[in-house]
Amino acid sequence: MQLTSFTDFGLRALIYMASLPAGQMTNITQVTDTYGVSRNHMVKIINQLSRLGYVAAVRGKNGGIRLGKPATEIIVGHVVRQMEPLQLVNCDACAITPACRLRQALNAATEQFLRELDNYTLADLVKDNHPLYKILLPEPGIPTLTGY
């Protein structure tokens, strides 16, 4: 299964925000620069994550974006379910639909995939992941994570 770039970069943006020191905000430019994705694309992603409650946006001079809830409460499978169009095949115009079992098999596989992702929180992906911190936050001595 391959996630859309929308979901993929949504998860990456959440990972970035979860890796920040407690209380620190970031902005869309920092996220786009880190991942090399277009600003326009990331704005749409952050807006969706904000509508879903995963990101909080603060306006004003000292504003920015941060996680909307603790990383320990953000379940990866839930994020994927809410951002990803999970219909793997379109059976509407297929001649074998009445007798086909492919859709059932693909639905079962998708559910297994999502159940596995439900075993992970955002915190599981970033906690004590020092190689990740070095990549995302090149400044030395950033030990504390948002949500802990």
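Please refer to the structure placed before this passage.
Predicted model, so just to flag it, every value in this text is computed and none were measured. (Residues numbered from 1 in each chain as written. Predicted model: local features only at pLDDT ≥ 70, side-chain atom pairs only at ≥ 80, totals over all residues. Heavy atoms only, no water.)

1. Observations concerning the packing of helix 1 (residues 5-19) against helix 2 (residues 28-35)
- Where helix 1 contacts helix 2, the two axes come as close as 11 Å, and the packing angle between them is 115°. One finds that helix 1 runs roughly perpendicular with respect to helix 2. In the crossing of helix 1 with helix 2, the sense of the turn from one axis to the other is right-handed. Residues Phe9, Arg12, Ala13, Ile15 and Tyr16 of helix 1 form the contact with helix 2, whose participating residues are Gln30, Val31, Thr34 and Tyr35. (Axes fitted to C-alpha atoms, helices over the stretch in contact; angles between N-to-C directions. Helix = DSSP H or I, 4+ residues; strand = E, 2+ residues; numbered from the N terminus. Parallel < 35°, antiparallel > 145°, perpendicular 65-115°, else oblique. Left-handed = near helix turned anticlockwise from the far one by under 90°. Contact = heavy atoms within 4.5 Å.)

2. Structural notes on the environment of Leu102
- Mapped onto the elements, Leu102 comes out in helix 5 (residues 102-117).
- Residue class for Leu102 comes out partly exposed when judged on its relative accessible area of 46%.
- Leu102 sits 71 residues away from Val31 along the chain, and the two C-alpha atoms are 39 Å apart. (Buried < 20%, exposed > 50% of the residue type's maximum accessible area, 1.4 Å probe, protein only.)

3. Comments concerning the nonpolar core
- In this structure, Leu14, Met42 and Ile46 are the most contacted members of the largest nonpolar core, which totals 35 residues.
- The dominant element in this core, judged by the number of residues it contributes, is helix 1, at 8 residues.
- With residues up to four places along the chain from it excluded, the contact list for Leu14 reads Leu49, Tyr54, Val55, Leu67, Ile74, Val79 and Leu122. (Core = buried A, V, L, I, M, F, W, Y, C linked by side-chain atoms within 4.5 Å.)

4. Describing the packing of helix 4 (residues 76-83) against helix 5
- It is at 6 Å that the axes of helix 4 and helix 5 come closest, and there the two elements cross at 135°. Our classification of the angle between helix 4 and helix 5 gives oblique. Contacts between helix 4 and helix 5 pair Val76, Gly77, Val80 and Arg81 from the former with Glu111, Leu114, Arg115 and Leu117 from the latter.
- Of the residues assigned to the contact of helix 4 with helix 5, the class counts are 4 nonpolar, 1 polar and 3 charged. (Nonpolar A, V, L, I, M, F, W, Y, C, P; charged D, E, K, R; others polar.)

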